[in-house]
Amino acid sequence: MNFAARVQSLHKEYFLKGETVRALRGVTFDIPEGDYVAVMGPSGSGKSTLLNVLGCLDRPTRGSLFLGTSDVSRMDDDELSRMRAAKIGFVFQSYNLIQQLTVLENIEVPLAYCRRLNAAGRQRCRELAEMVGLGDRLKHRPYQLSGGQQQRVAIARSLINDPYFILADEPTGNLDSKTTDEILSLFQELHEQGKTIILVTHEDEVAKHTKRIIRLFDGEIAVDTARDGTSDTLLI
Amino acid sequence: MIRVFSELAIGIKSLMLKPMQSSLTILGIFIGVASVIWLLAIGEGISIEAQKQIADLGATNIIIRTVKPSTTVTSENSGPMPYGVTREDREKLLRIPTVKDAIQIRELQRPLFFSDNRIDGRLVGCTPEYSDLTHLEVERGRFLEAADLKAEKAYCVIAQKVAERLFSYEDPIGRSIYLPDHEDYYTIVGVMKHRNASAAIGGSLASQVFENDMYIPITTLRSRIGDLDRIARAGQFTRDYVQLSQITVIVDELDNVKSTAAHIEETLKAHNEKEDMDVVVPLDLLEQAENTKMMFMVFMGMIAGVSLIVGGIGIMNIMLATVTERTREIGVRRALGARQRDIIRQFLVETVALSAMGGVTGILGGLICPYVITGIRWAINEINADLMKDLPDIVQNMEPQIVDFSIPLAFGISVIVGILFGVYPAMRAAQMDPIEALRHE
């Protein structure tokens, strides 16, 4: 089995006002390719920290994180940037499109940072925009789009570099229930196409669409349905 | 390269989001860059003007002019006090080894007549060398010759303008001009081509107009008119006793001009006390011009420097604001794989685009310099003509010359200012923690 990510006894400690905050205390799990996993947990559980480490925005204090075959836990800032540009697809709660760029230009951004912005890349941007249903809005700016549409652009953007996994942080947090369903069915579609999706959420409604749930509590994994069996009723 | 262009396009797009702020910001750069072009253009104009003047007056010449001392009292009883340089002075000057020649003239203001036509002329007693010295060219006939001087002929050569005014329909050659003050006639042997007024040297040597001239042999002037200049006009009676109006000393080599000038001062020391003589060294003009030029350059340079710094600070200010405003965008770009140096480049490109816009408009502002100078001169003349006359001649006559290299130089300066003042905001942007930046509202 090929793994999109392998997390091994991950620790993360912060210094905050002279105190050491242990945000992650030895988290271990694997994400096989094609997995569709929800990361859940109350605030302060280390959910965001895990997300940042998985997204190569932050380095763990101890432990290792393998993306593909490389250990990113010891990479420097430039190498991490390169990893984010080439192999991670971010989807944010507030879409985070760049306002002065068009739909197409927004999808192109990661390509520019891994030097793959060529004719083929541009063609792929168009295809992805069509795939998320925005083929007729390529020249629109983010403010001309609805929230759902913006999130679709963001999803197209996250796919442009053919990432190890899509890291979606509360992707439906700002959307109404109808649009939430649309976005979740888009994720479902991507999952069926074999994409790996890590979805951070606090909503059970959202989490139940996924194949696997990892619950964090106090910086440790409380529940991992892949490890504990198929039921996630223990802590609800 | 393509990438830089697309980044530049994005940068300009971002700047267009706030056109008012952007254009106010580039104003400082505009002034700075325009000043750089101006200062070089004016400096060059001054140099060219000075060189023109020196060529006109002769770089190896030293001009000694008689001036009427203010202290001389011409009392009726004691008769006129002689003043000015003398023939004896000239003999002394010729004895200085570095002096090749000393050309003498004597000038008088006289009305000239032909039949009923009258012109207020400048009667110049001179030698054949005078035409070469002042770059006068013969139009018709000939200039005065050595034989004319020797024989003290009553011959004269007139300027073209005089010929036109006195002889509208006739050939002046062979005709005579009447000088009523001396009840005397002079036969015209030549007409000289028109020549523009000579360069003036601040103060002592006013610009010389040649258009009303009548040249006669200096020997003739001496024997027929003499050294005493009696003028009796309505309500005015003056008597001046002057031997020579001007001696132009020709020095053998350019290197000897300075030392010869010192020699001359020494030789004619007596005149210094009487203050009836002025020594003008055209070569000094070069120094004078260099000083004026330096003054302008320093002054304009200061304006340029201050406005570039102010402009740069303005740019830094707007960029710091931009960086704060766009914290979220920076976070997003970092998350999507931008390295720190990508962020630095993005903001630097934007800053440079901003300052380069100032540069380009500044270059346009610089190129209109000659027209503006002409306009300013016209305005000063309209408002206060006296003020204009008080300005040094070189300032009055100088034409600014846009120096070719000043354009790329000015543009380069604007880009450098952009980089210099853009680095700090760009670094601030790049060093933001991407996680914090993403969370920024």
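Each value, and the rule that gives it
- Residues numbered from 1 in each chain as written.
- Chains lettered and ligands numbered in written order.
- Predicted model: local features only at pLDDT ≥ 70, side-chain atom pairs only at ≥ 80, totals over all residues.
- Helix = DSSP H or I, 4+ residues; strand = E, 2+ residues; numbered from the N terminus.
- Rg over C-alpha atoms; globule rule 2.2 N^0.38 Å.
- Buried ≥ 20, exposed ≤ 12 C-beta atoms within 10 Å, placed from the backbone.
- Contact = placed C-beta atoms within 7 Å.
- Domains from an automatic or database assignment.
- Expected span 1.5 Å × (residues − 1).
- Core = buried A, V, L, I, M, F, W, Y, C linked by C-beta atoms within 7 Å.
- Pairing = 2+ DSSP bridges.
- Axes fitted to C-alpha atoms, helices over the stretch in contact; angles between N-to-C directions.

**Q** Is there a simple way to think about the overall build of chain B in this case?
**A** Scanning chain B for helices and strands turns up 17 helices and 13 strands. For 441 residues, the compact-globule formula gives about 22 Å, and the C-alpha radius of gyration of chain B, at 33 Å, lies well above that figure. Considered along the principal axes of its C-alpha atoms, chain B spans approximately 105 × 50 × 40 Å. Here chain B holds 441 residues, and the buried ones make up 40% of them. Across chain B, contacts joining residues at least 24 apart in sequence account for 82% of those joining residues at least 6 apart.

**Q** Explain the domain arrangement of chain B here, please?
**A** A common way to express how large an interface is: the accessible area buried when the components associate. Domains assigned within chain B are domain 1 (2-54 + 287-439) and domain 2 (68-275). Spacing between the C-alpha centres of domain 1 of chain B and domain 2 of chain B amounts to 55 Å.

**Q** Would you mind going over helix 2 (residues 19-57) of chain B with me for this structure?
**A** Residues lying three or four places apart along an α-helix face the same way, a consequence of the helix completing one turn every 3.6 residues. With 39 residues, helix 2 of chain B should cover 57 Å at 1.5 Å per step; its first-to-last C-alpha distance of 55 Å lies within 8% of that length. Taken from the residues just after helix 2 of chain B, B:Gly58 is the one with a positive phi, measuring 90°.

**Q** I'm lost on the nonpolar core in this one. Help?
**A** Where a protein is soluble and globular, its nonpolar side chains tend to be buried together. Core analysis: the biggest nonpolar cluster contains 174 residues, and A:Ile198, B:Ile37, B:Cys156 and B:Met214 have the highest contact counts within it. The greatest single-element share of this core, amounting to 15 residues, is contributed by helix 2 of chain B. Discounting chain neighbours no more than four positions away, the residues touching B:Met214 are B:Leu112, B:Gly121, B:Leu123, B:Val124, B:Cys156, B:Ile158, B:Val162 and B:Ile177.

**Q** Even after reading the chapter, I still don't get the interface of chain B and chain A, so can you show me in this structure?
**A** Listed by partner, the interface residues are 14 residues for chain B and 19 residues for chain A. Contributing elements (two or more residues each) for the side of chain B that touches chain A: helix 1 (2-16), helix 11 (327-335), helix 12 (340-367) and helix 17 (434-439) of chain B. Here the side of chain B that touches chain A gets three residues from one element, more than from any other, and that element is helix 11 of chain B.

**Q** I would appreciate a short explanation of the pairing of strand 9 (residues 212-217) of chain A in the present structure.
**A** Each regular strand displays side chains that alternate between the two surfaces of the sheet. Residue and element names in this part refer to chain A. With five of its six residues buried, strand 9 lies for the most part within the structure. Pairing of strand 3 (residues 36-40) with strand 9, which is carried by four bridges, proceeds in the parallel orientation. Residue Met40 lies in a different strand from strand 9, and its bridge partner there is Arg215. Inspection of the sheet shows strand 9 paired to strand 10 (residues 220-224) by four bridges, in the antiparallel sense. Of the residues in strand 10, the one forming a bridge with Phe217 is Glu220.

**Q** What is the right way to read unusual backbone geometry from this model?
**A** A negative phi holds for most residues other than glycine; trans holds for most peptide bonds. Residues and elements named next belong to chain A. The phi angle at Tyr95 is positive, at roughly 65°, despite the residue not being glycine. Its place among the elements puts Tyr95 in the loop between strand 6 (88-91) and helix 3 (103-113). Phi is positive for Asp162, which is not a glycine, with a value near 50°. Mapped onto the secondary structure, Asp162 falls in the loop between helix 5 (147-159) and strand 7 (165-169).

**Q** Would you mind going over the sheet that holds strand 9 of chain A with me for this structure?
**A** All names here are of chain A. The mixed open sheet is built from six strands, whose spatial order is 6-7-8-3-9-10. Only two strands of the sheet have a single neighbouring strand rather than two, namely strand 6 and strand 10. Neighbour to neighbour, the strand axes of the sheet diverge by 20° on average, direction disregarded. With four bridges connecting them, strand 7 and strand 8 (residues 197-200) associate as parallel partners. Bridge pairing in strand 8 places Asp169 opposite Val200. Along the sheet, helix 5 contacts strand 6 and strand 7; its crossing angle with strand 6, the most-contacted strand, is approximately 170°.

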